[in-house]
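In case you want the letters, here they are:
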Amino acid sequence: MKGDWVSSADGGGGRLYREPMSGQALSAAYRKNIPFGRDGFSVNVGMALLAHWPGSRMSALLGSRKTGGMSKTTNKTVKWFRRDDSDRFADRSIATSGADGSSFYPSVAPRSASAGRSASAPRARTLRLAAASLAGLIGIGAASFGAVSAQADEVAPSSASVSSRSLASVHGASVLTLDRPTPSGQSAKRGTSKAAQKRDLKATIQTLVDNGYPGALAAKTDKNGNAVGATAGKGNLATGEAPPLDGEVRIASNTKTFVAVLIMKMVEEGKVKLDEPIETYLPGLIKGQGVDGKKITVRQLLQHTSGLPEFWSGLPDFFAMRNDYVSPRDVLDMALTRPAQFAPGAKFTYTNTNYIVLGLLAERVGKRPIAEQIETKIVKPLGLKHTYMPKEGEKALRGKHPRGYHTRDNKPGKLEDITDSDPSWAWAAGSMISTPSELNKFTQALHSGKLLRQASVAEMKKVVATDKDGTYGLGIFSNKLSCGVAWGHTGGMPGYLSARFLGPDGSAVTVVTTAMEEVNGKASSGQSVLSPL
């Protein structure tokens, strides 16, 4: 990021230097001031800046904060940390005069309205740091975790982990995207060995554990299919065991992309038309207060512009219902007791009910259970072994997995094991299970044309503006970077929070934590910023 402030570390303090603009020669004096070499780079991290030197494993998080009072003093903060397993921080703050209240870093863009919500600020700081570090490690140019503009509100509409407004929108979570420019020749020097990549990946997710999450798992896969994985923290709080490498996890709203692919396959087969009313496929079913299936198209369901009501108005007691089976029709009926949110096509609002309806559409047209169709048309062709939609009444994960944790009141507090539970309420909106590496493989296959024709992929990438300054396509959403666009989705439900993205160079990354951020006292204000799914 030429022209931005970067920092050099000498082990005991920090000094800031402006990186030369593109085309400028590096003077001997400049090189002397950067003890870790000339290839340092910086990335914007919300209102802060992350400076990193690939060869040194050393980074600095640069920020500023006002102290208030008559003096209007601004504290400029520099957090040094080494990219190793400990990931320990040493804070060094320098008080300087800032009477004009201007930002410490001239390159940092103003924070968006969604990013400035107080409810998500603590979490945003934690996850931006991890995401920034990850962006530098995996080389995809961007990483996103937690709420991502209009994406991650999964199943519970107004309050929980991946809610009906988006992991960042429905519950007011801030956008977490990190854009790392790649200086010439730098990518070739990064990740020279699998061991080094794994070490750096582990150091990155250790940051999440250090900030309150019980455990974390991650996988990165380059464009050639070479993958590395890492875990951090505890996969079982009772025994202290580490999370299993590439363990199975509940992927919540990442399920939506699988369902979208299935619907697009039906479009390719001529069985479904995107701009046909849902009434054509489910006659007489989608109706209610302001709801008319004759006016809602398949595309609007995929893109969350249907106006259908969310099936929950708030988060339920997940522990009380963990053993309950809820049929898709019961979920839909619950939603249709509420009035429409708006006229079809009028706006975007992330709503899980859309994908419950799409699941019913898939079963009506495909004449087979949606779980079977996903396995036959997506999972088996890709050779995935740990990706599946649970059967009716199936509460336990089938393979090795970390335990997932939640609290009784959906707020920060005592974490309890909620791993074994019936996810039927989420169904086609968010009940699937997978692993980090298999999610990467699925993501790459989707965009490479292995699952769909490129014309269908292009159709999925036709986006609408969301209610949180983001864009959403058909079961996927995008994050713009200086080097291109990253595509993916996020997901969250009691016990697990996940994010997966494909970078412009074809690399994919998935990160998972074993608790939702809303129940993490260190990462959340205690208010619901995610809703399940």
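Keep in mind that what you see is a predicted model, and the values were worked out from it rather than measured. (Residues numbered from 1 in each chain as written. Predicted model: local features only at pLDDT ≥ 70, side-chain atom pairs only at ≥ 80, totals over all residues. Heavy atoms only, no water.)

1. Let's talk about the overall build of the protein
Scanning the protein for helices and strands turns up 12 helices and 25 strands. For the protein, buried positions account for 60% of its 533 residues. The long-range share in the protein, meaning contacts at least 24 apart out of those at least 6 apart in sequence, stands at 67%. (Helix = DSSP H or I, 4+ residues; strand = E, 2+ residues; numbered from the N terminus. Buried < 20%, exposed > 50% of the residue type's maximum accessible area, 1.4 Å probe, protein only. Contact = heavy atoms within 4.5 Å.)

2. Brief notes about the sheet that holds strand E23 (residues 496-502)
Overall, antiparallel pairing links the 8 strands, which are arranged E12-E11-E24-E23-E22-E21-E20-E19 in an open sheet. The open sheet is flanked by strand E12 (227-233) and strand E19 (464-465), the only strands paired with a single partner. The sheet contact formed by strand E11 (residues 215-221) and strand E24 (residues 508-513) spans 6 bridges and is antiparallel. Pairing of Ala218 across the sheet is with Val511, part of E24. Contacts from helix H11 (residues 436-448) reach E11, strand E22 (484-493), E23 and E24 within the one sheet, and its direction differs from that of E11 by about 35°. (Pairing = 2+ DSSP bridges. Axes fitted to C-alpha atoms, helices over the stretch in contact; angles between N-to-C directions.)

3. With respect to the pairing of E12
Most of E12 sits out of view: 5 of its 7 residues are buried. Two strands pair when backbone bridges link them, and E11 and E12 are joined in this way by 7 bridges, in the antiparallel orientation. Looking at the pairing, Gly215 lines up with Gly233 of E12. From the end of E11 to the start of E12, which pair antiparallel, there are 5 residues, and Gly225 there has a positive phi angle of about 90°.

4. What about the side chain of Thr204?
One can find Thr204 in helix H4 (residues 194-210). Polar contacts involving the side chain of Thr204 include one to the main-chain carbonyl oxygen of Asp200, which spans 3.0 Å. (Polar contact = N/O pair within 3.5 Å; in protein donor to acceptor, adjacent residues only side chain to side chain.)

5. Notes on the packing of aromatic side chains
Within this structure, the stated rule accounts for 9 aromatic pairs. Where Phe477 meets Phe501, the ring centres are 5.5 Å apart and the plane angle is 80°; that geometry is what we call edge-to-face. One end of the pair, Phe477, is in strand E21 (residues 477-481); the other, Phe501, is in strand E23, and 24 residues separate them in sequence. The pair Phe477 / Phe501 is uniform in exposure class, with both members buried. Directly above the aromatic system of Tyr355 lies the positively charged group of Lys256, at a separation of 5.8 Å from the ring centroid. Sitting over the ring of Tyr388, Arg398 keeps its end group 3.9 Å from the ring centre. (Phe/Tyr/Trp six-rings, centres within 6.5 Å; stacked < 30°, edge-to-face > 60°. Lys NZ or Arg CZ within 6 Å of the ring centre and 35° of its normal.)

6. Concerning helix H7 (residues 328-335)
Counting along an α-helix, one turn takes 3.6 residues, and residues three or four places apart therefore face a common direction. Those residues of H7 lying buried are Pro328, Val331, Leu332 and Ala335. Along the axis of H7, the buried residues cluster in a sector spanning 95°; they form a single face. Of the surrounding elements, those touching the buried residues of H7 are helix H8 (353-366) and helix H10 (427-430). (Arc of directions from axis to C-beta.)

7. What about the environment of Leu308?
Take Leu308: it is sitting in the loop between helix H6 (298-302) and H7. Judged by its relative accessible area of 0%, Leu308 falls in the buried class. Separated by 28 residues in the primary sequence, Leu308 and Leu336 have C-alpha atoms spaced 8.0 Å apart.

8. Brief notes about H8
Spanning 14 residues, H8 covers 20 Å between terminal C-alpha atoms, matching the ideal 20 Å at 1.5 Å per step. With 11 of 14 residues buried, H8 is to be regarded as a mostly interior element. Residues Thr353, Asn354, Tyr355, Ile356, Val357, Leu358, Gly359, Leu360, Leu361, Ala362 and Val365 constitute the buried set of H8. Where H8 is buried, its residues meet helix H5 (255-268), H6, H7, helix H9 (370-382), H10 and strand E20 (471-472). (Expected span 1.5 Å × (residues − 1).)

9. Regarding the pattern of salt bridges
The full count for this structure, using the stated rule, is 11 salt bridges. Glu269 serves as the salt-bridge partner of Lys271, at 3.5 Å between the closest nitrogen and oxygen. For Arg299, the salt bridge is made with Asp275, and the minimal N-O distance between the two is 2.8 Å. Of this pair, Arg299 sits in helix H6 while Asp275 is found in the loop between H5 and strand E14 (287-288), placing the two residues 24 residues apart along the sequence. On the basis of relative accessibility, which here comes to 19%, the residue Arg299 falls in the buried class. Given the relative accessible area of 52%, Asp275 is considered exposed. (Salt bridge = Lys/Arg side-chain N within 4 Å of Asp/Glu carboxyl O.)

10. A look at the side chain of Thr207
Tracing the sequence through the fold places Thr207 in helix H4. At a separation of 3.4 Å, a polar atom in the side chain of Thr207 contacts the main-chain carbonyl oxygen of Ala203.

11. Some thoughts on the packing of H5 against H11
Closest axis-to-axis distance for the H5/H11 pair is 12 Å, and the angle between their directions is 35°. Relative to H11, H5 is oriented so that their crossing is left-handed. Contacts between H5 and H11 involve Thr257, Phe258 and Val261 from the first element and Leu439, Phe442 and Leu446 from the second. Of the residues that constitute the contact of H5 with H11, the class distribution is 5 nonpolar, 1 polar and no charged. (Left-handed = near helix turned anticlockwise from the far one by under 90°. Nonpolar A, V, L, I, M, F, W, Y, C, P; charged D, E, K, R; others polar.)

12. Topic: unusual backbone geometry
Positive phi values are uncommon outside glycine, yet Asp246 reaches one of about 55°. By the secondary structure assignment, Asp246 is in the loop between E12 and strand E13 (249-250). By relative accessible area, Asp246 is classed as partly exposed at 28%. Notably, Lys367 is not glycine yet its phi reads approximately 60°, a positive angle.

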